[in-house]
Amino acid sequence: MKKEYDYLIIGSGLFGAIFAHEMTKQGKKCLVIERRNHIAGNVYTEKVEGINVHKYGAHIFHTSNKVVWDYVNSFVEFNRYTNSPIANYKGELYNLPFNMNTFYQLWGVKTPQEAFEKIEEQRAEYKHITEPKNLEEQALVLGGKDIYEKLIKGYTEKQWGRPATEIPAFIIRRLPFRFTFDNNYFNDTYQGIPIGGYTALVEKMLEGIEIKLNVDYFSDKENLDSLANNVVYTGKIDEYFDYQFGHLDYRSLRFENEILDQPNYQGNAVVNYTESQIPFTRIIEHKHFEFGTQPKTIITRENPQDMTEGQEAYYPINDEKNQIVYEKYKQLADQLSNVIFGGRLAEYKYYDMHQVVARALEVVESQN
Ligand code: FAD
Ligand code: UDP
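The written sequence of each chain sets the order in which its residues are numbered from 1. To read the labels, note that chains go from A and ligands from 1, taken in the order they are written. With the structure being a predicted model, the display of local features is reserved for residues of pLDDT at least 70 and the display and counting of side-chain atom pairs for 80 or more, all residues being used for whole-chain, interface and lining totals. Excluding hydrogens and water, the side-chain values take into account all heavy atoms of the structure.

If you look the protein chain up in an unreviewed UniProt entry, it shows as UDP-galactopyranose mutase from Empedobacter tilapiae. UniProt positions are given in the numbering used here, feature names are shortened, and annotations may be inferred rather than shown by experiment. On record in UniProt, under Sequence similarities (unreviewed entry), the comment for the protein chain is "Belongs to the UDP-galactopyranose/dTDP-fucopyranose mutase family." As its UniProt record puts it under Cofactor (unreviewed entry), the protein chain is described as follows: "FAD".

If you want it as structure tokens, here you go:
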């Protein structure tokens, strides 16, 4: 029987917004519901003092996929921002990601050959590790002791709330390691920030589509389900199945925002604090994402924390234990022919934005 909507979409983040946009373009009727009081999910930006504040952490769009890049640029223009974070370790400053500038700052080496020899020396005692089993082993094999102890261990253990020996190795492979003087945090071909903020991007995607804010799917599931032939769910997969196999672990964050009566606090959008004694992992100075010249500035300290009841789930913890639980939920999800599970929370994957865009477009394609 044909119901009022073709698709009920739960969540107005990138996945939900792209799915709704594409299906509406194909003549389908969509209703988007959102638990929060605003659209855009974790990429949400809010204008304060003329500055677009990344309310749920710094978001830099990067991709090597031209289709994805052209897709997001078809909604709004992106600027030329290139992420080049600085690491502060006990007051010493280092360039990130690990590159010739970092090696010079660490050891005074000036050529790639000198750097290579120094790193070989630093890695020598870990040569026996042929298949790194965890982040600590992976980091030691990649860059050796000094880099691990000054730039990785403290940050990683604060970020994930557990010893680096209990964190999957793939997480550190996200970061480039190169023998050139190149401080670009990403290896991707395309990079930037939407001019006017991410909320403008998602607003454009959702133009003309019915949206209900402040609606929690689970508070009225039966009634909401009855409105549509199909459901697209972008929330937590364990919550969808009422935690019947237990809770999946996530890392949460507490954002501490401050408006400062000065034009420039740290001279860079992102400064990481890599020592373990300082509780936050990074300070974001939002105006630098858009080369702002406002008289004031806004900074945010990012404090990682455990996810307890009522906290937002930011980072899936893709270790073996959680992956086993996720697979059980996925089996249930696969049995539901009219419900699509998509995005970071519903697929329990450490997706970046470009991967969510690609995934949403792929799922749209599979509907045809
Ligand atoms: P979300 O944005 O989480 O959207 C899901 C939406 O569903 C939310 O709005 C939520 O409120 C809603 N929802 C959930 N449950 C319900 C319910 N029961 N009822 C109604 N609504 C519900 N990626 C990058 O590419 N570059 C970066 O620099 C980057 N930095 C990041 C920094 C941080 C701190 C974090 C946490 C992530 C970062 N990411 C970054 C990843 C990026 O945020 C995600 O890939 C992307 O936003 C995921 O989109 P999504 O639609 O899957 O999920
Ligand atoms: N990392 C680190 N030191 C840093 C920055 C990152 O050790 O100064 C490690 C840390 O384990 C982190 C991972 O690299 O979880 C991935 O970093 P990224 O910046 O990609 O994380 P995200 O932006 O997703 O929080």
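Still more to cover.
Peer 1: Looking at this structure, how should I read the packing of aromatic side chains?
Peer 2: Each aromatic ring pair is summarised here by two numbers: the centre-to-centre distance and the angle between the ring planes. What counts as a ring pair is set by centres within 6.5 Å for rings of Phe, Tyr and Trp (its six-membered ring), and what kind of pair is set by the plane angle: stacked under 30 degrees, edge-to-face over 60, tilted for all other angles. For the structure shown, the criterion picks out 35 aromatic pairs. When the ring of phenylalanine 103 is compared with that of phenylalanine 179, the centres are 5.6 Å apart and the planes differ by 45°; the resulting orientation is tilted. Of this pair, phenylalanine 103 sits in helix 3 (residues 100-107) while phenylalanine 179 sits in the loop between helix 6 (145-160) and strand 8 (190-192), and the two are 76 residues apart along the sequence. Geometrically, the ring pair formed by tyrosine 217 and tyrosine 240 is stacked, given 6.3 Å between the ring centres and 25° between the ring planes. Within this pair, whereas tyrosine 217 is found in the loop between strand 9 (210-212) and helix 8 (221-225), its partner tyrosine 240 is found in helix 9 (residues 237-240), the two being separated by 23 residues in sequence. Partly exposed residues are those whose accessible area sits between 20% and 50% of the maximum for their type, while under 20% is buried and over 50% is exposed, using a 1.4 Å probe and protein chains only. With relative accessibility at 2%, the residue tyrosine 217 sits in the buried group. Residue classification places tyrosine 240 among the buried positions, given a relative accessible area of 12%. Connected via pairs of aromatic rings, a cluster forms that spans Tyr217, Phe218, Tyr233, Tyr240, Phe241, Phe245, Tyr329 and Phe341. Comment: the charge-over-ring label is applied if NZ (Lys) or CZ (Arg) is within 6 Å of the ring centre and within 35 degrees of the ring normal. The residue whose ring lies beneath arginine 80 is phenylalanine 291, and the NZ or CZ to ring-centre distance is 4.5 Å. Numbering of helices and strands runs from the N terminus, with a helix taken as a DSSP run of H or I at least four residues long and a strand as a DSSP run of E at least two residues long.

Peer 1: Explain the side chain of histidine 62 to me, please; I cannot follow it from the model alone.
Peer 2: For histidine 62, the location among the structural elements is in strand 5 (residues 61-63). In terms of polar contacts, histidine 62 uses its side chain to reach the side chain of aspartate 188, at 2.7 Å. Definition of a polar contact: a pair of N or O atoms within 3.5 Å, with one able to donate and the other able to accept a hydrogen when the atoms are protein atoms, and with sequence-neighbouring residues admitted only if both atoms are side-chain atoms.

Peer 1: Whenever I open this one, the packing of helix 4 (residues 112-123) against helix 5 (residues 135-143) confuses me. Can you help?
Peer 2: Pairs of packed helices are described in terms of their axes, by the angle between the two and the distance that separates them. Orientation of helix 4 relative to helix 5, taken along the N-to-C sense of each, is 140°, at an axis distance of 7 Å. Residues Ile119, Gln122 and Arg123 of helix 4 pack against Leu140, Val141, Leu142 and Gly143 of helix 5. Note that Gly is not counted as nonpolar here; it falls among the polar residues with everything else outside the nonpolar set of Ala, Val, Leu, Ile, Met, Phe, Trp, Tyr, Cys and Pro and the charged set of Asp, Glu, Lys and Arg. Residue classes in the contact of helix 4 with helix 5 are distributed as four nonpolar, two polar and one charged. Here an axis means a line fitted to C-alpha atoms, over the contact stretch when the element is a helix, while the angle between two N-to-C directions is reported on a 0 to 180 degree scale. Throughout, a contact is declared for two residues whenever any of their heavy atoms are within 4.5 Å.

Peer 1: Teacher, can you tell me more about the site of ligand 2 here?
Peer 2: Close contacts around ligand 2 come from 18 residues, with Thr156, Arg174, Tyr185, Tyr315 and Tyr350 the closest. A distance of 2.9 Å separates an oxygen atom of ligand 2 from a polar side-chain atom of arginine 174. In this structure, an oxygen atom belonging to ligand 2 sits 2.6 Å away from a side-chain N or O atom of tyrosine 185. In these tables, accessible area is a Shrake-Rupley quantity obtained with a 1.4 Å probe, and a residue counts as shielded only by the protein chains included in the view. For ligand 2, whose accessible area on its own is 530 Å², the fraction buried by protein is 93%. Top element by residues in the shell around ligand 2 is helix 6. It accounts for six residues. Partitioned by chemical class, the residues of the shell around ligand 2 number twelve nonpolar, four polar and two charged. Here a residue counts as near a molecule or strand whenever at least one of its heavy atoms sits within 4 Å of it.

Peer 1: Honestly, the sheet that holds strand 16 (residues 339-341) in this entry has me stumped. Any pointers?
Peer 2: Remark on secondary structure: sheet strands pair via backbone hydrogen bonds, oriented parallel or antiparallel. Pairing in this open sheet of five strands is parallel, and the strands run 9-2-1-10-16 from one edge to the other. Each edge of the sheet is formed by a strand with only one pairing partner; in this case those strands are strand 9 and strand 16. Averaged over all neighbouring strand pairs, the angle between strand axes comes to 20°, with direction disregarded. Pairing of strand 1 (residues 5-10) with strand 10 (residues 228-233), which is carried by five bridges, proceeds in the parallel orientation. Counterpart to tyrosine 7 in the pairing with strand 10 is asparagine 230. Sheet strands touched by helix 1 (residues 14-25): strand 1, strand 2 (30-33), strand 10 and strand 16. Its angle to strand 1, the strand with the most contacts, is close to 165°. Any two strands with at least two DSSP-identified bridges between them are counted as paired.

Peer 1: Any chance you could explain helix 3 here in plain terms?
Peer 2: Here helix 3 lies mainly inside the structure; six of its eight residues are buried. Taken as a whole, helix 3 has its buried residues at Met100, Asn101, Thr102, Phe103, Leu106 and Trp107. Where helix 3 is buried, its residues contact strand 7 (92-95), helix 4 and helix 6. Two to three positions downstream of the cap, the backbone nitrogen of asparagine 101 sits 2.9 Å from a side-chain oxygen, assigning the N-cap of helix 3 to asparagine 99. Just downstream of helix 3, glycine 108 is the residue with a positive phi angle, here 75°.

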